[in-house]
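Commentary on secondary and tertiary structure
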Amino acid sequence: MKNIKKIAAIVLAVVLTALAFAGCGEKKSLTATEGKLVMATNASFPPYEFKEGENYAGIDVEIAGKIADKLGLELEIKDVEFGSIIGGVQSGKFDMGMAGMTVTEERKKSVNFTDSYATGIQSVIVKEDSTIKSLDDLKGDGSMKFGVQQDTTGDIYASSSTEEGGYGEENIVRYKTGNEAVLALASGKVQAVIIDNEPAKSYVKSTAGLKILDGSWVEEQYAIAISKDNSELLEKVNGALKELIDDGTVKSIIDKYIAAE
Ligand code: ARG
């Protein structure tokens, strides 16, 4: 009887030790590539992300840089189509997606979102001399075309049916970047562009003959998308983000790019 107990104790000890080691071996790094934080974005969305020569700049780029610093990781930016960010985060190709990205219920089915770090509003850009004078003049009756950046919330709202408050799929022209949508507006291919307010302001400033209609559609929250399989990273990024919000860093970065009006 004594022997059996002894043997059982030894077996248990061996099993526990083995389990402990197995646990250590499985401990994977916080991000896909040890030491790196790979952020997917779509860098034609000033002032959140844009290219300055060879470099990336903007609110998201700077906040991401501070988060990476706090986590002791090196930030690596991948400039991809906006519509491929969520899928790439979901599959683990990117550690996070940060692109002035609006939190939506639909997207939450695929990825987790951090706490919000900024708000956005959908605005409408038209030509300065347009017959479209107010939001009420926007019609989904075939008399005008709406340009949007593919897969953005602007696309989703605008292409919904007129009953749902949109302008109908048939009246939407989709572009790869917001910039291309704005160029199409300037050259008369579409009569209005629906896009987030800060990029709208920035495009209007850099393109002659455009203006933003008064009034706005919806207010949105921007947050960082992270894989549902990496709750540790979500927790860490949220922790870093909270510190950066609490100590005023996020605000000062936003203020630096968005001149107080
Ligand atoms: N806020 C909008 C959305 O989430 C547009 C974001 C577009 N971002 C970009 N970097 N191009 O759909």
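The present account deals with the structure reproduced in this document. Because the structure is a prediction, the values reported are computed rather than measured. Per chain, residues are indexed from 1 in the order of the written sequence. Local features in a predicted model are, by the rule used here, given only for residues with pLDDT of at least 70; side-chain atom pairs are given and counted only at 80 or more, and totals for whole chains, interfaces and linings are based on all residues. Computation of side-chain values covers all heavy atoms of the structure but excludes hydrogens and water.

Bringing the site of the ligand into the picture now. Looking at the ligand, there are 15 residues lining it, with Ala99, Thr102, Arg107, Thr153 and Asp196 nearest. Under this definition, polar contacts are N or O atom pairs within 3.5 Å; protein pairs additionally need one hydrogen-donor-capable and one acceptor-capable atom, and for neighbouring residues in sequence, both atoms have to be side-chain atoms. Gly100 has a polar backbone atom sitting 2.8 Å from a nitrogen atom of the ligand. Thr102 is positioned such that a nitrogen or oxygen atom in its side chain is 2.8 Å from a nitrogen atom of the ligand. Under the convention used here, a 1.4 Å probe and the Shrake-Rupley method define accessible areas, while residue burial counts only the protein chains that appear. Protein chains shield 100% of the accessible area of the ligand, which is 350 Å² for the free molecule. Both cavities and pockets are sets of points on a 1 Å grid over the protein atoms alone; in a cavity a 1.4 Å probe fits but cannot get out, in a pocket the set is open with protein on both sides within 12 Å along at least five of seven lines, and lining residues sit with an atom within 4 Å of a point. Assignment to a cavity or pocket requires that more than half of a molecule's atoms be within 2 Å of the site's grid points. Here the ligand is seated within the largest cavity. We call Asp, Glu, Lys and Arg charged. Ala, Val, Leu, Ile, Met, Phe, Trp, Tyr, Cys and Pro are nonpolar, and the rest, Gly among them, are polar. Of the residues in the shell around the ligand, the class split is 5 nonpolar, 6 polar and 4 charged. Note on terminology: near, applied to a residue and a molecule or strand, indicates that one of the residue's heavy atoms is within 4 Å of it.

It is worth spelling out the packing of aromatic side chains at this point. For any two aromatic rings, the description comes down to two numbers: the centre-to-centre distance and the angle of the planes. Any pair of Phe, Tyr and Trp rings, taking the six-membered ring for Trp, is counted once the centres come within 6.5 Å. Such a pair is stacked with planes under 30 degrees apart, edge-to-face with planes over 60 apart, and tilted for the rest. According to the stated counting rule, one finds 4 aromatic pairs in the structure shown. Between Phe45 and Tyr48 the ring centres are 5.9 Å apart and the planes differ by 35°, which places this aromatic pair in the tilted class. Overall, the relative accessible area of 2% leaves Tyr48 in the buried class. A connected cluster of aromatic rings, assembled from ring pairs, spans Phe45, Tyr48 and Tyr222. With a 1.4 Å probe rolled over the protein chains alone, any residue whose accessible area is under 20% of its type maximum counts as buried; one over 50% counts as exposed, and the rest are partly exposed.

Let us now look at the pattern of salt bridges. Counted as salt bridges are all cases of a side-chain nitrogen of Lys or Arg within 4 Å of a carboxyl oxygen of Asp or Glu. For the structure shown, the criterion picks out 13 salt bridges. Asp155 is the salt-bridge partner of Arg174, the closest N and O atoms lying 2.9 Å from each other. Here Arg174, found in strand S10 (residues 172-175), pairs with Asp155, found in helix H5 (residues 153-158); they are 19 residues apart in sequence, far enough to count as distant. On the basis of relative accessible area, Arg174 is assigned to the partly exposed category, the value being 31%. Between Asp255 and Lys251 there is a salt bridge; the shortest N-O distance is 2.6 Å. Here Asp255 pairs with Lys251, and both are found in helix H9 (residues 249-257), just 4 residues apart, close to one helical turn. A relative accessible area of 40% means that Asp255 is categorised as partly exposed. Strands here are runs of E lasting at least two residues and helices are runs of H or I lasting at least four, both read from the DSSP assignment and numbered beginning at the N terminus.

Grid points are joined across faces, edges and corners, and a volume is the space filled by probe spheres set on the points. This structure, assessed with the given rule, holds 2 cavities of 30 Å³ or more. Considered as a void within the structure, the largest cavity measures approximately 60 Å³ in volume. Around the largest cavity sit Phe45, Phe82, Ala99, Gly100, Thr102, Arg107, Gln149, Thr152, Thr153 and Asp196, which together line it. Of the residues that constitute the lining of the largest cavity, the class distribution is 3 nonpolar, 5 polar and 2 charged. In this structure, the second largest cavity encloses a volume near 50 Å³. Glu81, Phe82, Gly83, Gln149, Gln150, Asp151 and Lys176 together form the lining of the second largest cavity.

Closest axis-to-axis distance for the helix H2 (residues 59-71)/helix H8 (residues 231-246) pair is 9 Å, and the angle between their directions is 115°. What the angle tells us is that H2 and H8 run roughly perpendicular. As for the relative orientation of H2 and H8, their crossing is right-handed in sense. Residues Ile63, Lys66, Ile67, Lys70 and Leu71 of H2 pack against Leu233, Lys236, Val237, Ala240, Leu241, Glu243 and Leu244 of H8. Taken together, the residues that form the contact of H2 with H8 break down as 8 nonpolar, no polar and 4 charged. Whenever a helix is involved, its axis is fitted only over the stretch in contact; in every case the axis is a line through C-alpha atoms, and angles between N-to-C directions fall within 0 to 180 degrees. An angle below 35 degrees is read as roughly parallel, one above 145 as roughly antiparallel, one from 65 to 115 as roughly perpendicular, and any other as oblique. In this scheme the handedness of a crossing depends on how the near helix is turned from the far one: anticlockwise by less than a right angle means left-handed, clockwise means right-handed. Contact criterion: two residues are considered in contact whenever any of their non-hydrogen atoms come within 4.5 Å of each other.

It is worth spelling out the sheet that holds strand S14 (residues 225-226) at this point. Pairs of strands are assigned from DSSP output, requiring at least two bridges between the strands. Here 5 strands make up an open sheet; going across it, the order is S5-S1-S6-S14-S7 and the pairing mixed. Single-partner strands in this sheet number two, and they are strand S5 (74-79) and strand S7 (112-113). Strand direction decides the pairing type here: S7 and S14, joined by 2 bridges, are antiparallel. Following the sheet pairing, Phe113 is matched in S14 by Ala225.

Moving on, we come to the pairing of strand S13 (residues 219-222). Only one face of S13 is buried: it carries Glu220 and Tyr222, and the other face, with Glu219 and Gln221, is open. Inspection of the sheet shows strand S8 (residues 118-127) paired to S13 by 4 bridges, in the antiparallel sense. Each residue of the ladder has a partner; that of Ile121, found in S13, is Glu219.

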